[in-house]
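So you can see what is in the structure, the chains are spelled out below.
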Amino acid sequence: MAIELPPPPLQRGIVNHSSFSELDIEKEAERLSTAIKQPFRWSLETCRSIAPLTLEINQLKKEKDVILIAHSYQTPDITYGVADAVADSYALSKEARDAPQNTILFSSVRFMAETAKIVSPHKTVLHPSPEAGCSLSDSITAQDVRDIRAKYPGLPVVCYINTSAEVKAECDACVTSSNYLRICERLPGNGLIFVPDRFMGKHLQNHLAGKKDVIIFDGECEVHAAFTGEKIRTWRKRASDAGMELQVLSHPECDTDVLDESDFVGSSEVLMEEALRLASAGKKDLMLITECGTTDRIIAESNEDLNLVGACVMCRHMKTTQLEDILQALRNPRPDQIIELETSVIEKASKCLDEMFRLAE
Ligand code: 13P
Ligand code: SF4
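Just to check I follow, could you spell out the overall build of the protein for this structure?
When its secondary structure is counted, the protein shows 15 helices and 12 strands. Since a compact globule built from 361 residues should have a radius of gyration of about 21 Å, the 21 Å found for the protein is in line with a globular shape. Structurally, the protein occupies a C-alpha span of about 70 × 65 × 30 Å along its principal axes. Within the protein, buried positions represent 55% of all 361 residues. In the protein, 64% of the contacts between residues at least 6 apart in sequence involve partners at least 24 apart. In the protein, the 40 positive side-chain charges and the 56 negative ones have mean positions that sit 3 Å from each other.

Got a minute to help me understand the nonpolar core in this structure?
Looking at soluble globular proteins, one finds that nonpolar side chains tend to be buried together. Counting residues in each nonpolar core, the largest one holds 66 residues, and the members touching the most others are Leu-192 and Phe-194. Broken down by element, this core gets its largest block of residues, nine residues, from helix α15 (residues 343-360). Ile-36, Ile-50, Ile-57 and Ile-78 belong to the second-largest nonpolar core, a separate cluster that totals 23 residues.

In this structure, what is going on with the sheet that holds strand β9 (residues 247-250)? I would like to understand it.
Backbone-to-backbone hydrogen bonds pair the strands of a sheet. The strands run either parallel or antiparallel. Strand order in this open sheet of four strands is β10-β9-β11-β12, and the pairing throughout is parallel. Where the open sheet ends on each side, the last strands, each with one partner, are β10 (264-265) and β12 (307-308). Pairing analysis gives two bridges linking strand β11 (residues 285-289) to β12, with the strands arranged parallel. Each residue of the ladder has a partner; that of Leu-286, found in β12, is Leu-308.

Criteria and thresholds
Residues numbered from 1 in each chain as written. Chains lettered and ligands numbered in written order. Predicted model: local features only at pLDDT ≥ 70, side-chain atom pairs only at ≥ 80, totals over all residues. Heavy atoms only, no water. Helix = DSSP H or I, 4+ residues; strand = E, 2+ residues; numbered from the N terminus. Rg over C-alpha atoms; globule rule 2.2 N^0.38 Å. Buried < 20%, exposed > 50% of the residue type's maximum accessible area, 1.4 Å probe, protein only. Contact = heavy atoms within 4.5 Å. Lys, Arg positive; Asp, Glu negative; His and termini not counted. Charge placed at Lys NZ, Arg CZ, Asp CG, Glu CD. Core = buried A, V, L, I, M, F, W, Y, C linked by side-chain atoms within 4.5 Å. Pairing = 2+ DSSP bridges.

Below is the structure:
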């Protein structure tokens, strides 16, 4: 019997230009370049070279009734070229739950695509880059949760959304960077176990001090762990010597010494909204302590002349996905690009996510 082999990955940069007219490609290149607003890194010529990919992806989405959702940390050719929704992990899990389309293509890391499958088990969920993981999600297993629960019997286990479906299935409530303080405050009882992010856990411990005991795990995000309070102090001094009043905006996956030095803490989406608000109020000297995708979004969505200070850090997992992977998954998905989870895992993990939706609103 002949074995059907999965299609090979599309080669990077190999695009069939013949399907679209030169005029279509020119118009698409101009649309991309205007939306991305970074003429040095995404020149009109670069946009021209990717236009056949975005045109075909957008055409296939319509033909196959697919919603393409992308996390803020995806590259701008994805977020501004082909995504129907771009946001933080909380907003995207709601988007996946409520989407009327039968197929969801999630351009992001694996745990986010799994979350889409848990909240929409009857839909097909495509994840173009199966190898795109996350250091936080990879730091904990379902067995670790069972062990920690046995060590502290009676305490609810709260997991950050950056966890596998199997881990969520072992937890009582899920949280994201936009709602962890609120949800943990609202949970009954005077203690909880928080997994797996030790920095967010420490922040939570400080926030709930005197009200609830918080037991934490030792995972961390390799991207946000790179920032330090010391670096922020140095930049603030430098900026103030140059007559600037720096506004520092940080993601809660950073260490507490970073958060203590920050003017504002929030999820990827909330950081972008706050940066846009500050810039329109005339505060344009901004330092973003997070992954580079948030900065790309601020550049694209602001009409102000911004002064973005310091350097962002790139997530190698988030940046794994390229337009070629998305096109491949839409044309003819390989089995490993289709999210499959055991029914019992979906049932248990959906209770954990339902608790998040209930307590977050
Ligand atoms: P957000 O929910 O803030 O988008 O965070 C997800 C994530 O992985 C950040 O590193
Ligand atoms: Fe995971 Fe950090 Fe990358 Fe987010 S930025 S996906 S937490 S490794």
